[in-house]
Amino acid sequence: MRVPSRSPGHQPGSAVASAAPARRLPPAVGPRTGPGQQPDLAAYRAAVAELLVEVGALADAPSTTARQVLLDQRLREPAIAAVLDATPQGFVGARETLLLEMARYQPNTRSSAHDLTALVRIYLLSRIDVMWWRDSGTFLTDGQVDTSTDLVDLEWLRRRGLLAFRYHEQPGTVLGRGLRAVQRRLRPDATPRTAGLRFRRARREMIALLNDVGREFTATARPGTPALWVTSLARSAEHQYRLRRLGYAAMVPSGHCLGWAADVELEWYGRFGARDLLAELLLARQEAGEINVVDEGQAWHLCLAPAARRRFRRAYEAEMGI
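Rules of the game
Residues numbered from 1 in each chain as written. Predicted model: local features only at pLDDT ≥ 70, side-chain atom pairs only at ≥ 80, totals over all residues. Heavy atoms only, no water. Helix = DSSP H or I, 4+ residues; strand = E, 2+ residues; numbered from the N terminus. 1 Å grid on protein atoms, 1.4 Å probe; cavity = no way out; pocket = protein on both sides within 12 Å on 5 of 7 lines; lining within 4 Å. Points joined across faces, edges and corners; volume = space filled by probe spheres on them. Pairing = 2+ DSSP bridges. Contact = heavy atoms within 4.5 Å. Axes fitted to C-alpha atoms, helices over the stretch in contact; angles between N-to-C directions. Parallel < 35°, antiparallel > 145°, perpendicular 65-115°, else oblique. Left-handed = near helix turned anticlockwise from the far one by under 90°. Nonpolar A, V, L, I, M, F, W, Y, C, P; charged D, E, K, R; others polar.

## Examining unusual backbone geometry
Negative phi values dominate among residues other than glycine, just as trans dominates among peptide bonds. A cis amide bond links Val252 to the next residue, Pro253, at an omega of -10 degrees. Along the chain, Pro253 turns up in the loop between helix H10 (237-245) and strand E5 (261-265).

## Concerning the layout of surface pockets
Quantified by volume, the largest pocket comes out at close to 1200 Å³. For the largest pocket, the lining is made up of 44 residues, of which Arg110, Thr194, Ala195, Leu243 and Tyr248 are closest to its centre. Counting only elements with at least two residues in the lining of the largest pocket, the list comes to helix H5 (116-132), helix H8 (174-186), strand E4 (228-232), H10 and strand E7 (299-304).

## Description of the sheet that holds E7
With mixed pairing, five strands are arranged side by side in an open sheet as E2-E4-E5-E7-E6. Lying at the two open borders of the sheet, with one neighbouring strand each, are strand E2 (165-166) and strand E6 (291-296). Bridging between E5 and E7 involves five bridges; their strand directions are antiparallel. Residue pairing across strands places Ala262 opposite Leu302, the latter belonging to E7. Contacts from H5 reach E5, E6 and E7, with the element oriented near 160 degrees to E6. Sheet strands touched by helix H11 (residues 275-287): E4, E5, E6 and E7. Its angle to E6, the strand with the most contacts, is close to 145 degrees.

## Digging into the packing of helix H1 (residues 41-57) against H5
Following both chains from N to C, one finds H1 and H5 inclined at 160 degrees, their axes separated by 9 Å at the closest point. The angle between H1 and H5 falls in the class roughly antiparallel. Here the hand of the crossing between H1 and H5 comes out right-handed. Of H5, the residues touching H1 (which contributes Leu41, Tyr44, Arg45, Val48, Leu51, Leu52, Val55 and Gly56) are Thr117, Val120, Arg121, Leu124, Leu125, Arg127, Ile128, Met131 and Trp132. Within the contact of H1 with H5, the residues separate by chemical class into 12 nonpolar, two polar and three charged.

## What to know about the environment of Phe312
With respect to the helices and strands, the residue Phe312 is situated in helix H12 (residues 309-320). Discounting chain neighbours no more than four positions away, the residues touching Phe312 are Glu205, Ala208, Leu209, Asp212, Arg285, Glu290 and Leu304.

Written out as structure tokens, the structure reads:
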């Protein structure tokens, strides 16, 4: 791993012009990609990994100023700046959002961001999602998720045996939550300890992707390993802010609110000796350019790449006999 330079580089704030358009890099950074050229995601992920090492060394409260200086320098590195500039917020907006997220950060047991390093990792790697799908419309309200014709009801497919993965819904009543609590006490490890899906709806391409991952996982895991478990799919911006108020690391904007992201359980499979296997399967698909993967601890976030959209749409239609 390359040791990041500790030269002074750009001083904080010196490259950010107050009148800079939201979708452009600060003048001192300059363009990172030519017309039609996509950012180098392998270089981006490697640069983020290096940044995280230094963020981890400055995670204590007295290092707030040093941490901000570090981010001001590292986010301007060409590999990182190219991706941030290609997001809907642009470089300046993405940088300021990350700094605000860090300033507001409070660790809690609900959040997948168990420390500041995890928060930075989740935020920066999830920017690949919103860069990829920046032209997709956001599901703003719960009602839009519930009624969109771009999304399919999973329950209809599950009852017909057309899903290669499992999930459970969030209980909607006090009675339902009570029954779920009783089930967890009686059989604490029977299912992952997740709240369940608030919306059991997904894009057709995402269903085909999860079916494909689920079949591969079942075929390679040892006999008796439970099927792939999905913990989150499409959700609204309204619900995203609801999660934020509850203390979850729900990033904004998010691939979930565009319908192109899902979360799958990882840690629970450790008791079946299959956790690392599933991680390897997901990372191999990322390496092949099929998905983006973000390690969020108990669950891993994945987003379908635009280049794979047509293939999985065709796969969905073939599976459903359309």
